[in-house]
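Per-entry structural report
Take a look at the letters that make up each chain.
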Amino acid sequence: MDTRSVLRTTGTVIAAAGLLLSGCTSGGPKVASAEPSAVSAGLSPYYEQKLSWRDCGVPGFQCATLKAPLDYANPGSGQDLDLAVARKAATGPGKRLGSLLVNPGGPGGSGIGYLQAYAGIGYPAAVRARYDMVSFDPRGVSRSTPVECLTGPQMDRFTQVDQTPDDQTERTRLVTAFKEFAAGCEERSRRVLPHVSTVDAARDMDMLRAVLGDAKLNYVGASYGTLLGATYADLFPKRVGRLVLDGAMDPSRPALELNRDQTEGFETAFRSFATNCAKQSDCPLGQGDPDAVAQRLKEFFRKLDAQPVPSGDPARPLGETLATTGVIAALYDESAWPQLREALKEAMNGDGAPLLALADGYYEREADGSYANLMYANAAVNCLDQPAAFAGPEAVDAALPSFEKASPVFGAGLAWASLNCAYWPVKATGTAKPLAAKGAAPIVVVGTTRDPATPYKWAQALADQLDSGTLLTYDGDGHTAYGRGSACVDTAVNRYLLEGRAPSNGTRC
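Residues numbered from 1 in each chain as written. Predicted model: local features only at pLDDT ≥ 70, side-chain atom pairs only at ≥ 80, totals over all residues. Heavy atoms only, no water.

Turning to the packing of aromatic side chains, a few remarks are in order. The full count for this structure, using the stated rule, is 14 aromatic pairs. Centroid distance tyrosine 123 to tyrosine 482: 5.4 Å. Interplanar angle 85°. Geometry classified as edge-to-face. In this pair, tyrosine 123 is assigned in the loop between α3 (111-122) and α4 (125-130) and tyrosine 482 in the loop between β11 (469-477) and α18 (487-499), connecting sequence segments 359 residues apart. Of the two residues, tyrosine 123 and tyrosine 482, both sit in the buried class. Geometrically, the ring pair formed by phenylalanine 270 and phenylalanine 410 is edge-to-face, given 5.9 Å between the ring centres and 90° between the ring planes. Taken together, the residues span a long stretch of sequence, with phenylalanine 270 in helix α9 (residues 255-278) and phenylalanine 410 in the loop between α15 (393-406) and α16 (411-417) at a distance of 140 residues. (Phe/Tyr/Trp six-rings, centres within 6.5 Å; stacked < 30°, edge-to-face > 60°. Helix = DSSP H or I, 4+ residues; strand = E, 2+ residues; numbered from the N terminus. Buried < 20%, exposed > 50% of the residue type's maximum accessible area, 1.4 Å probe, protein only.)

What follows is the structure, encoded as structure tokens:
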């Protein structure tokens, strides 16, 4: 399995890695429960539309385009967005249970790509037999009306800017890069930027539910997809069917706390990798305890900061920023650890290509130098959902000690990456708040104890916040748990999806 497959089939969440965009910082949007007894007149044409299904070009899948109002506050404006939808019909045998909507996270991950590459063919056969497997690219993402920001060459330069500035010149360069990124998004995507919040996407999901003919929403969301699912449940609690929120986020925590928590999560994941690496004869970071291994990686990053190594692409040598992103990318799934060991060994011997490939998979950079819009949508949603973690460089300076305490290896870079929303052209419309979804049917929240991107304590918090939340714990490594090798987790989730029986709160696998 190539790196991209590993990262994309385990539930994408975009970490605040390298110079990228402080992902997984979408705290709970500021909304009130919005469950009218009947759809408003302005929304009726959208809820009553009929999908025209067509061949996707991928065997077994059909695609369609759903129309959504650009602005839910003014649905009669005549301004619409196109939402790309895909499905794979239930295969049988057994009574069809309706549609199962899946979301891989991000924000910015392509639901259709996830469905066609994994969920529609890789979910348990019993689940695929009873449900139409469905996904969509949320507004601003990929095949739906997308957020666009930079050209490929511009993005190449952006991903290489030093994320751990050592002097005022480097600080200025970093701030300028964030400002140029934001300006590019405003220039290319001005119309959609104010309308890509998690609340907007949750409302789109309710419209899709109705158009598919389902009385209630059945849903599996991974990573950021848990925030999207919890937001839906809070907006439409009586329309909740069977919801699985895997690799959960905590909507009550402000952006700064989320980013610092995630920094700690990557440190936990790295220490698991370091312990494992030190036991291998081919560990390029040597033997010893995790602290010693971490120190050697930090020293290697420091060398790359001073002198990048060739990568096979003269315009993109492997410097500290891209190397950090490559390492973090491989921490999402322990099955990528051998690949990470090999990539680090090659980089330390002067060949940065394998570690650069890990970073490219993370950024969804294609061989021709183009990028998917994952990073652009990620920033657009995160910066709209919550106020910025930092107002400026001075605020980062003040927080650096706490980030470096959370992770001696990654702390400084992740702190500076959290500055991006400070320069965003659209004011945030949401804020951190708990989501209760009062009156909803039982909702299963899944947490992995050593999850790098969505720390376990977030799953505990979300399960506590949701009135009907029940926590399923996986004691293990990697990001998310369902479909990743635990028969205990899979059995519990499958029983819930197929029979409606949620596991007892506190079940541990």
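Let's pick the thread back up.
To continue, consider the sheet that holds strand β8 (residues 217-222). An order of β2-β3-β4-β7-β5-β8-β9-β10-β11-β12 is seen for the 10 strands of this open sheet, with the pairing classed as mixed. Each edge of the open sheet carries a strand with a single partner, namely β2 (54-55) and β12 (507-508). Pairing analysis gives 2 bridges linking β11 to β12, with the strands arranged parallel. Each bridged residue has a counterpart across the sheet, and for threonine 473 the counterpart in β12 is arginine 508. Against the sheet, helix α17 (residues 456-465) touches β9 (240-246), β10 (443-450), β11 and β12, its axis set at about 160° to β10. (Pairing = 2+ DSSP bridges. Contact = heavy atoms within 4.5 Å. Axes fitted to C-alpha atoms, helices over the stretch in contact; angles between N-to-C directions.)

For the rest of this paragraph, the subject is the side chain of aspartate 137. With respect to the helices, strands and loops of the structure, aspartate 137 is situated in the loop between β7 (131-136) and α5 (152-158). Overall, aspartate 137 belongs to the buried group, its relative accessible area being 0%. Polar contacts involving the side chain of aspartate 137 include one to the main-chain amide nitrogen of isoleucine 112, which spans 3.0 Å. (Polar contact = N/O pair within 3.5 Å; in protein donor to acceptor, adjacent residues only side chain to side chain.)

The next point concerns the confidence of the model for the protein chain. One rule of thumb: low pLDDT means the predicted coordinates there are not for detailed reading. On average, residues of the protein chain score 92 in pLDDT, and 93% of them are at 70 or above. Throughout residues 1-34 the model reports pLDDT below 50, and contacts reaching past four residues in sequence, or to other chains, amount to 172 contacts. (pLDDT = per-residue confidence, 0-100.)

Turning our eyes to something else, we now look at the state of the cysteines. Throughout the structure, instances matching the rule amount to 5 disulfides. Here cysteine 277 pairs with cysteine 283 through a disulfide, and the sulfurs are 2.0 Å apart. Handedness of the cysteine 277-cysteine 283 disulfide follows from its S-S torsion of about 105°: it is right-handed. For cysteine 277, a relative accessible area of 0% translates into the label buried. In this model cysteine 383 forms its disulfide with cysteine 421; the gap between the sulfur atoms is 2.0 Å. In this structure the cystine formed by cysteine 383 and cysteine 421 twists about its S-S bond by roughly -85°; its chirality is therefore left-handed. Here cysteine 383 is found in helix α14 (residues 374-385), whereas its partner cysteine 421 is found in the loop between α16 and β10, with 38 residues between them in sequence. With respect to class, cysteine 383 is no different from cysteine 421; both count as buried. (Disulfide = S-S within 2.5 Å.)

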